[in-house]
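A look at the structure
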Amino acid sequence: LTVVALDLWRAHEVTHLFDVVFVLTCVAVALLVRPQDFFTVGVLPPLIMATVFLLVALTDPGAIAHQDDGLVQAVVSGLSNHAEALGLGYALCLGCLAVRRRFLPDDETSDAT
């Protein structure tokens, strides 16, 4: 949300700065999470982006879509315009979780399931 606020202040729309920070955040969360929370982090990236765009659509739909678009249309437009960042962030997040899961010690693996 901080990056979105910065984008809106600087450019009056959600830009590639948000995309870069979103991807980096997805990777950072996947690397920092406890093994018991792998599932939660595995489903988090789409929910985060949808929530951010929902909040932006409620306050300033013109930042992610046309100014006169409705709430649902603005959220869908935001998600479609930033689909590459969502796909890349989600893929890297799941990839990091898979690598971490593969190299967990046996005693931690049994706790994570």
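Residues numbered from 1 in each chain as written. Predicted model: local features only at pLDDT ≥ 70, side-chain atom pairs only at ≥ 80, totals over all residues. Heavy atoms only, no water.

So, the overall build of the protein
Going by this rule: Only DSSP runs of H or I covering at least 4 residues are called helices, and only runs of E covering at least 2 are called strands; the numbering of each starts at the N terminus. The buried label applies to any residue whose accessible area, calculated with a 1.4 Å probe on protein chains only, is under 20% of its type's maximum; exposed applies above 50%, and partly exposed to all values in between. Contacts between residues were defined by any pair of non-hydrogen atoms, one from each residue, lying within 4.5 Å. Each accessible area is a Shrake-Rupley result for a 1.4 Å probe, and residues are judged covered by the shown protein chains and nothing else. Positive charges come from Lys and Arg alone, negative charges from Asp and Glu alone, with His and the N- and C-terminal ends not counted. All charge positions are set by atom: Lys at NZ, Arg at CZ, Asp at CG, Glu at CD.
The helix and strand inventory of the protein stands at six helices and zero strands. When the helices and strands of the protein are listed from N to C terminus, the series reads α-α-α-α-α-α. Expressed as lengths along the three principal axes of its C-alpha atoms, the size of the protein is roughly 55 × 25 × 20 Å. The buried share of the protein, taken over its 113 residues, is 36%. A separation threshold of at least 6 residues defines the contact pool for the protein, and within that pool the share at least 24 residues apart is 61%. Of the roughly 6,800 Å² of accessible surface on the protein, a fraction of 67% belongs to carbon and sulfur atoms. Charged side chains in the protein number 5 positive and 12 negative. The centres of these two groups are separated by 12 Å.

What about the nonpolar core?
Keep this limit in mind: We define a nonpolar core as any set of buried Ala, Val, Leu, Ile, Met, Phe, Trp, Tyr and Cys residues linked to one another through side-chain atoms lying within 4.5 Å.
Core analysis: the largest hydrophobic core is formed by 29 residues, its most contacted members being Val4, Phe18, Met49, Phe53, Ile64 and Leu97. Of all the elements in the fold, those that place two or more residues in this core are α1 (2-11), α2 (16-32), α3 (38-59), α4 (71-81) and α5 (83-102). Per-element accounting of this core gives the leading share, seven residues, to α3. With near-sequence residues (within four places) excluded, Phe53 lies in contact with Val14, Phe18, Ile64, Val75, Gly78, Leu79 and His82.

Concerning the side chain of Asp69
Going by this rule: Should a side-chain nitrogen of Lys or Arg be within 4 Å of a carboxyl oxygen of Asp or Glu, the pair is scored as a salt bridge.
Note that Asp69 resides in the loop between α3 and α4. Salt bridges are absent for the buried Asp69, whose nearest opposite-charge side chain, Arg10, sits at 21 Å. Setting aside chain neighbours within four positions, we find Asp69 in contact with Pro61, Ala74 and Ser77.

What about the environment of Ser80?
Stated precisely, the cut-off is as follows: Here a polar contact is recorded for every N or O atom pair within 3.5 Å, except that within protein the pair must consist of a potential hydrogen donor and a potential acceptor, and residues adjacent in sequence are included only if both atoms are side-chain atoms.
Looking at the secondary structure, you find Ser80 in helix α4. Remark: the alpha-carbon pair of Ser80 and Ile64, spanning 16 residues in sequence, is separated by 9.8 Å. Looking at Ser80, its side chain comes within polar contact range of the main-chain oxygen of Ser77, at 2.9 Å.

Comments concerning the packing of α2 against α5
Where we set the bar: Helix axes are fitted to C-alpha atoms over the stretch in contact, other axes to C-alpha atoms as well, and angles between N-to-C directions run from 0 to 180 degrees. Note on angle classes: values under 35 degrees are labelled roughly parallel, values over 145 roughly antiparallel, values of 65 to 115 roughly perpendicular, and the remainder oblique. If you view the pair so one helix is near and one far, a crossing is left-handed when the near helix is turned anticlockwise from the far one by less than a right angle, and right-handed when it is turned clockwise.
Closest axis-to-axis distance for the α2/α5 pair is 8 Å, and the angle between their directions is 15°. Overall, the two elements α2 and α5 adopt an arrangement that is roughly parallel. Pair α2 / α5 crosses with right-handed handedness. Mapping the contact onto sequence places Asp19, Phe22, Val23, Cys26, Val27, Ala30, Leu31 and Leu32 in α2 and Ala85, Leu86, Leu88, Gly89, Leu92, Cys93, Cys96, Leu97 and Arg100 in α5.

Remarks on unusual backbone geometry
Unusually for a residue other than glycine, His12 sits at a positive phi of about 65°. With respect to the helices and strands, the residue His12 is situated in the loop between α1 and α2.

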